[in-house]
Amino acid sequence: MIQTGLIQSAHDDLVTDICYDYYGLRLATCSLDQRIKIWQLDETEGTWSVEDEWKAHDAAVSRLSWAHPEFGTILASASFDRTVKIWEQTSFVAGADAQSNGSVHAHTAVSGGSSSSRWVERAVLLDARGTVRAVEFAPHHFGLKLATVSSDNYLRTYECLEQSSLTTWQLCEEVDVTTLPSTSSPSSLSVAFATPTQTNATLEAASASLVAQALQQSQVPLQQRPGLGNREADGGWCVSWCKERYWGEVLVAGCGVSGAVKIIQVSPSSRRPTTLFTLDPTPAGTLNPSEATSGIGPSGDGEVPIPFAITSVAWAPSCGRSYHLLATGGRDGRVRIWRVKPAEDVDDADAEGEPRWTGTIVADFDHHKSAVGRVEWNITGTVLSSAGNDGRVRLWKATIGNVWRSAGSIGVEQSEDSPDADAVMDDNIAGE
């Protein structure tokens, strides 16, 4: 059963992001109105109420991310004003000076004066040369670090050097994702495709690279291809960290309008970041049978399918799996689930000793029929949710045999008489 609730008039303008804290009892929202709101769940009534609210940036706020609670109550916000700000919730002391340095501003709670806390701006990160479109804190076992992606196509990682004050952040890495080199030659990669009911269809090694090379030679430059925009509004910028400690500091990031995202190794610090694997559904020219009816597949004259920007990416918690699951959502309206796995044998490593990663598309859905704005996993990595411009949040879950199916959907457009969302379970939408 899908249980839903509705927060009426959450902001004065379009809500751009929502983010649960570690315990799922608080919710942070941001909007084009330049404000951040913190909501508290009443577990008895099942309702949400505003706990704090403040003007956070000088332009629209694009993304939010909570840090792990072991570091305190810390929130990062990214904005179209090209900044990332670090906020901390502190106890309110009447008459105390809230500024720990000259650039820190306090924002008091707005819940009728009953709150004993306020949010303090601890740091402002100013390195981006474009609108900052994604921000995410690293898993806590790597320390207090975060990654950002901006419309200048740069991935930047930061580390807090003074966790007691949160005022000093070091820029650890700054790389152009679109030109980031790979640790392996193209022939070492495995490009694989599979439908939701066929999970082992692959195109391996040299044959994959030859096909990709031939297609690359036949393609005209992206900006000259009909139907593909090259404006910022046509692009997508996203980032997500690998939750597992074993492989080191690894994340996945997407930039621009290419339709591909890269798995990037950002540690050890003695070496520059490198691309471990590229998740690109188009280089082999092989698409799922459902592409024929989706409107984006190859035409009868052999035209190569046009890639669309990836707007959201999410790395699932591993929970003991021997492989990783990654989900992407794009402007083509498709939600894809990738099964990604590093090499297990030493013989499968490249000349520098790095494991060769392989990837398979195990699910490809076009139910939204419009741009997908967000994909997100549950805490165990077993259920995927996606939100699209069709006004629905859709759930996806693997059945027996690891076949991914729709598990239900929730309509977010509500009439004034209906306080509850329109929830549809999988039995009713199996024919979609």
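It should be noted that the structure appears before, not after, this text.
Summarised in this report is the structure supplied together with it. This one's a predicted model, so the numbers in the text were calculated from it and none came from an experiment.

This next bit is on the environment of Leu 251. Along the chain, Leu 251 falls in strand β17 (residues 250-254). Spatially, the C-alpha atom of Leu 251 lies 9.0 Å from that of Ala 138, the residues being 113 residues apart in sequence.

Time to look at the side chain of Ser 312. Within the secondary structure, Ser 312 is located in strand β20 (residues 310-315). Its relative accessible area of 3% is what places Ser 312 among the buried residues. Of note is the side chain of Ser 312, whose polar atom sits 3.0 Å from the backbone nitrogen of Val 375. Setting aside residues no more than four positions away along its own chain, Ser 312 makes contact with Cys 238, Ala 327, Thr 328, Gly 329, Gly 373, Arg 374 and Val 375.

Here we take up the pairing of strand β26 (residues 392-398). The pairing of strand β25 (residues 383-388) with β26 spans five bridges and is antiparallel. Note that in β26 the partner of Val 383 across the bridge is Lys 397. Hairpin connection from β25 to β26: three residues lie between these consecutive antiparallel strands, with Gly 391 at a positive phi of about 80°. As defined by bridge partners, β26 adjoins strand β27 (residues 404-411) across seven bridges and the pair is classed as antiparallel. Looking across to β27, one finds that Trp 396 is bridged to Ser 406. Between β26 and β27, which pair antiparallel in sequence order, lie five residues; one of them, Gly 401, sits at a positive phi of approximately 90°.

This paragraph deals with the nonpolar core. Among the nonpolar cores identified, the biggest contains 19 residues, and Ile 74, Ile 86, Phe 137, Leu 144, Leu 146 and Trp 169 are the most heavily contacted of them. Looking at this core, the elements with two or more residues in it are β6 (74-79), β7 (84-91), β9 (117-125), β10 (132-137) and β12 (154-160). The residues contacting Leu 144, other than those within four sequence positions of it, are Ala 67, Phe 71, Ile 74, Phe 137, Tyr 158, Glu 159, Cys 160, Gln 163, Leu 166 and Trp 169. Cys 238, Cys 242, Ile 263 and Trp 357 belong to the second-largest nonpolar core, a separate cluster that totals 17 residues.

What follows deals with the packing of aromatic side chains. In total, this model carries nine aromatic pairs according to the counting rule given. Centre to centre, the rings of Phe 365 and Trp 396 are 4.2 Å apart; their planes meet at 15°, and the pair counts as stacked. One end of the pair, Phe 365, is in strand β23 (residues 358-365); the other, Trp 396, is in strand β26, with 31 residues separating them in the sequence. Accessibility classification places Phe 365 together with Trp 396 in one group, the buried group. Between Arg 129 and the ring centre of Tyr 154, over which it is positioned, the NZ or CZ distance is 4.9 Å. One residue, Arg 339, lies across the ring of Tyr 323, its end atom 4.1 Å from the ring centre.

Reading guide: rules and limits
Residues numbered from 1 in each chain as written. Predicted model: local features only at pLDDT ≥ 70, side-chain atom pairs only at ≥ 80, totals over all residues. Heavy atoms only, no water. Helix = DSSP H or I, 4+ residues; strand = E, 2+ residues; numbered from the N terminus. Buried < 20%, exposed > 50% of the residue type's maximum accessible area, 1.4 Å probe, protein only. Polar contact = N/O pair within 3.5 Å; in protein donor to acceptor, adjacent residues only side chain to side chain. Contact = heavy atoms within 4.5 Å. Pairing = 2+ DSSP bridges. Core = buried A, V, L, I, M, F, W, Y, C linked by side-chain atoms within 4.5 Å. Phe/Tyr/Trp six-rings, centres within 6.5 Å; stacked < 30°, edge-to-face > 60°. Lys NZ or Arg CZ within 6 Å of the ring centre and 35° of its normal.

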